[in-house]
Amino acid sequence: MASNPESSSPNANRQSVNSTTTDASASAELSAVVDELLNSLSNKFAGVSSEIFAKMDEMSRRLDNLEATLQSGVEGKDGRGSPTKQ
């Protein structure tokens, strides 16, 4: 039976440990980068979401004002609260 000389040498074991350490640190670094990216995207999404809700509230307020203006114009025109058909 032939033995594998690379697996029994101290240099091979040291390279294996270094490779495992490098893989672990690379994995940890990748995990940190992905976490940072996800946090950044989450913050951007929250900001955009807040802006959209603020704009929707503003549009709702403006539509309410427009509706009230139109309603008061109709009431002033026919003297009633409901629009008339022509």
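Since we're looking at a predicted model, the values are computed, not measured.

A. Quick look at the overall build of the protein. Of regular secondary structure, the protein possesses two helices and zero strands. Buried residues in the protein amount to 0% of all 86 residues. For the protein, the accessible area works out to roughly 7800 Å², and carbon and sulfur atoms hold 57% of it.

B. Fine view of the pattern of salt bridges. Considering all chains together, one arrives at one salt bridge under this definition. In this structure, Glu58 engages Arg61 in a salt bridge whose closest nitrogen and oxygen atoms are separated by 2.5 Å. With Glu58 and Arg61 both in helix α2 (residues 10-78) and three residues apart, this pair spans about one turn of that helix.

Quick notes on the rules
Residues numbered from 1 in each chain as written. Predicted model: local features only at pLDDT ≥ 70, side-chain atom pairs only at ≥ 80, totals over all residues. Heavy atoms only, no water. Helix = DSSP H or I, 4+ residues; strand = E, 2+ residues; numbered from the N terminus. Buried < 20%, exposed > 50% of the residue type's maximum accessible area, 1.4 Å probe, protein only. Areas by Shrake-Rupley, 256 points an atom, 1.4 Å probe, with all protein chains shown as cover. Salt bridge = Lys/Arg side-chain N within 4 Å of Asp/Glu carboxyl O.

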